[in-house]
Amino acid sequence: MMLFLMFCVIAYVVGSIPTGKIIAKLKGIDIQAVGTKNIGASNVYLNLGKKMAFLVLIGDVSKAFVMVAFAAQFFSGGQTMVIALCVIIGNLKSIFLNFTGGKGIATSLGIFLATEPVALLIIGVLWLLGLAFKKYILLTGVAAILVVPYQYIGYEEKMAVVSAFLIVLFMLLKHNENIKWARGSKA
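What you see is a predicted model, and the numbers here were worked out from it, not measured in a lab.

Thresholds applied
Residues numbered from 1 in each chain as written. Predicted model: local features only at pLDDT ≥ 70, side-chain atom pairs only at ≥ 80, totals over all residues. Heavy atoms only, no water. Helix = DSSP H or I, 4+ residues; strand = E, 2+ residues; numbered from the N terminus. Buried < 20%, exposed > 50% of the residue type's maximum accessible area, 1.4 Å probe, protein only. Areas by Shrake-Rupley, 256 points an atom, 1.4 Å probe, with all protein chains shown as cover. Phe/Tyr/Trp six-rings, centres within 6.5 Å; stacked < 30°, edge-to-face > 60°. Patch = residues over 30% accessible without salt bridge, like charges linked within 9 Å, V, L, I, M, F, W, Y side chains within 5 Å. Salt bridge = Lys/Arg side-chain N within 4 Å of Asp/Glu carboxyl O. Axes fitted to C-alpha atoms, helices over the stretch in contact; angles between N-to-C directions. Parallel < 35°, antiparallel > 145°, perpendicular 65-115°, else oblique. Left-handed = near helix turned anticlockwise from the far one by under 90°. Contact = heavy atoms within 4.5 Å. Nonpolar A, V, L, I, M, F, W, Y, C, P; charged D, E, K, R; others polar. pLDDT = per-residue confidence, 0-100.

Draft legend 1. Inspection of the overall build of the protein chain at higher detail. When helices and strands are tallied, the protein chain shows ten helices and zero strands. Listing every helix and strand of the protein chain by position from the N terminus yields α-α-α-α-α-α-α-α-α-α. A total of 187 residues make up the protein chain; the buried ones form 41% of that total. On the protein chain, roughly 10,300 Å² of surface is accessible, and the fraction owed to carbon and sulfur atoms is 73%.

Listed below in structure tokens is the structure:
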């Protein structure tokens, strides 16, 4: 139990590493003061370009993937997903940023890549469908995210499904303003 709790704390700290903030700072920019004020790859792309955004994306996916894949070597599927949940909470509420943070998209992709690559494939297919029918991109994005927890139903411990659901819920809550905007633009 002590090892599991230690992993949870380490996962939170690893998730808290603000990749976008660090990379932007290296370029002399406070990413939380420009554009959307978010530390994620999208805001870095808008303010620093493709190369820097790609570094942020790779950094955020990698920190989650490495932490969760490593945890999976020691713990059950349910426990690994609780550790993954700690990674995403760290990303959303970073100890290094006074408990602010990103929106969790790239970090979630790293989690899903480490635990259920099929979930990542489903997200990709639905997102591409959304791109093909731009009018529905937000709807297909939300649908893709909502499908993810079902990929964890086969795990012995239901905590895996609950953790996956919470990761998805946190992502949706962080994108609430985007959803409100899309609903308002349809009216």
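Draft legend 2. Here's a closer look at the packing of aromatic side chains. Summed over the entire model, instances satisfying the criterion amount to seven aromatic pairs. Taken together, the ring pairs connect F4, F7, F70, F74 and F75 into an aromatic cluster.

Draft legend 3. Representation of a nonpolar patch on the surface in the model. A cluster of nonpolar side chains, V9, V13, I17, I22, L26, I95, F96 and F99, forms an exposed patch at the surface whose accessible area comes to about 770 Å². Mapped by element, the contributors of at least two residues to the nonpolar patch are α1 (2-16) and α2 (19-26). Tracing the chain through its elements places I17 in the loop between α1 and α2.

Draft legend 4. Quick look at the packing of helix α5 (residues 77-92) against helix α9 (residues 159-174). Where α5 meets α9, the closest approach of the two axes is 7 Å, and the angle between their N-to-C directions is 15 degrees. When the interaxial angle is binned, α5 and α9 end up roughly parallel. Where α5 crosses over α9, the handedness of that crossing is left-handed. Contacts between α5 and α9 pair G77, G78, M81, V82, A84, L85, I88, I89 and L92 from the former with M159, A160, S163, A164, L166, I167, F170 and K174 from the latter. Here the residues of the contact of α5 with α9 are counted per class, giving 13 nonpolar, three polar and one charged.

Draft legend 5. Fine view of the pattern of salt bridges. Across all of its chains, the model carries two salt bridges by this definition. Between D30 and K21 there is a salt bridge; the shortest N-O distance is 2.6 Å. By relative accessible area, K21 is classed as buried at 19%. For K63, the salt bridge goes to D60, with nearest N and O atoms at 3.4 Å.

Draft legend 6. Representation of the confidence of the model for the protein chain. Residue-level pLDDT values for the protein chain average 86, and 87% of them are 70 or greater. Averaged pLDDT values for the elements of the protein chain fall to 54 in helix α10 (residues 176-186) and rise to 97 in α1.

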